[in-house]
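Chain and residue survey
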Amino acid sequence: MLRTYGRFALRRTGQAIIVVLLAYLFTFAVISVLPGDPITTTLRNPDNGFTEDDIARIVAFYGLDQPWWVQLGSSLGRFVVGDLGVSLRSNLPVATLVLDALGSTLALAAAALAVAVVLAVAIAYGTQFVPARFGQGVLRSLPSLFLSVPNFVIGLLLIHVFAFGLGLFSMIDTETPWGTFFAAVALGIPVSAQLAEVLISSLDHESRQEYVAVARSRGLRSGALFLRHLAKPSALPSVTVLALIVGELLGGALITEAIFGRVGVGTLVQSAVAGQDLPVLQAVVSLAAVVFVVVNLVADLAYPLLDPRVSIASRGRARITPTPSDAASSLREEVSVV
């Protein structure tokens, strides 16, 4: 079993590496066809203060005076070894610029992911155990409402109420804990809708199974029923959605940073686009591709561990087999003992 899982993990890791390299090549191709000449636009701009020696050194480093295939080869070689190059605007290492901006964006994205998960789980739990007369129908309609409201509208509303109205945080310094929290709420609410919909659908399906009826008849409490018998069978589609919404979190973080005035990757991208700083643009897009691919790789590797119905074929491919879930099996064992 371990050997088969190892082949599966190696296969998926190899595919992830190929996807990252293809994303880098695609980014290079798109940036290469953009109009304008970075040498004239950026390097020879008097405001940037580059001397002729600086310009000659940067042109030689990137091979900007070489054919595109030579530039692609040298650029890909540097990317493989982790060298992201030097900014055409600031003459600073791109890795330094990205790392300086990445901390704020990752903090915002991680906080937004936590908000989305907590909110989605709370809504899904309420749709199963809150009586209909106490608002179960309202809970089921919340994901559609969250999905229909853009995050910038939520962000502006939160700023109006909690920054200008209640004064919990200042728009001058939004890197405070309260500022990060409300920015994460603005980003996490729309993202939570997709996860909540999948969780509700999965829980509805599992709740109709006979082992759940047996558990209810034995007087199992709602929390124990949810954690011991409903959560794990419903985890697989939820993990898939979590992996997919990472890209949405990264894209939404750029908009949220602009709304809340936070300095992060969004600010870096804006300045790079305005100044046609191609190495910075390429590094940011490649970094987003790496994060997205790694998260999806982790989700792929977690499938066989989360759901026993997912088996790994001899060729290292995962597939779902019609076997009973762990929750049903364990409950049947409990009933048989009783």
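The rules behind each value
- Residues numbered from 1 in each chain as written.
- Predicted model: local features only at pLDDT ≥ 70, side-chain atom pairs only at ≥ 80, totals over all residues.
- Heavy atoms only, no water.
- Core = buried A, V, L, I, M, F, W, Y, C linked by side-chain atoms within 4.5 Å.
- Buried < 20%, exposed > 50% of the residue type's maximum accessible area, 1.4 Å probe, protein only.
- Helix = DSSP H or I, 4+ residues; strand = E, 2+ residues; numbered from the N terminus.
- Contact = heavy atoms within 4.5 Å.
- Patch = residues over 30% accessible without salt bridge, like charges linked within 9 Å, V, L, I, M, F, W, Y side chains within 5 Å.
- Areas by Shrake-Rupley, 256 points an atom, 1.4 Å probe, with all protein chains shown as cover.
- Salt bridge = Lys/Arg side-chain N within 4 Å of Asp/Glu carboxyl O.
- pLDDT = per-residue confidence, 0-100.
- Polar contact = N/O pair within 3.5 Å; in protein donor to acceptor, adjacent residues only side chain to side chain.

1. A closer look at the nonpolar core
As a rule of thumb, soluble globular proteins bury nonpolar side chains together. In this structure, L108, L158, I159, F169, L187 and F260 are the most contacted members of the largest nonpolar core, which totals 36 residues. When contributions to this core are tallied by element, the ones reaching two or more residues are α5 (94-129), α7 (151-165), α8 (177-207), α10 (222-230) and α11 (235-260). A per-element tally of this core places α8 first, with 14 residues. Residues in contact with F260, not counting those within four places in the same chain, are G155, I159, F169, M171, T174, G179, F182, A183 and A186. L97, V265, L268 and L281 belong to the second largest nonpolar core, which has 12 residues in total.

2. Comments concerning a nonpolar patch on the surface
Taken together, the side chains of L157, V161, L166, L168, W178 and F181 make up a nonpolar region of the molecular surface, amounting to roughly 570 Å² of accessible area. Secondary structure elements with two or more residues in the nonpolar patch: α7 and α8. Mapped onto the elements of the fold, W178 is located in helix α8. With relative accessibility at 44%, the residue W178 sits in the partly exposed group.

3. Quick notes on the confidence of the model for the protein chain
In this model, the protein chain carries an average pLDDT of 76, and 77% of its residues clear a pLDDT of 70 or more. Per-element confidence in the protein chain ranges from a low mean pLDDT of 41 for helix α14 (residues 326-337) to a high of 89 for α7.

4. Things to note about the side chain of N296
Within the element layout of this structure, N296 appears in helix α13 (residues 278-306). Within the structure, N296 has its side chain in polar contact with the backbone oxygen of F292 (distance 2.7 Å). In this view, N296 contacts A243 and L244; residues no more than four positions away in its chain are not counted.

5. Section: the environment of Q136
Its place among the elements puts Q136 in helix α6 (residues 136-148). The exposure class of Q136 is buried, given its relative accessible area of 18%. Along the backbone, Q136 and G126 are 10 residues apart, and their C-alpha atoms lie at a distance of 6.7 Å. In contact with Q136, other than residues within four places in its own chain, are G126, T127, V130 and P131.

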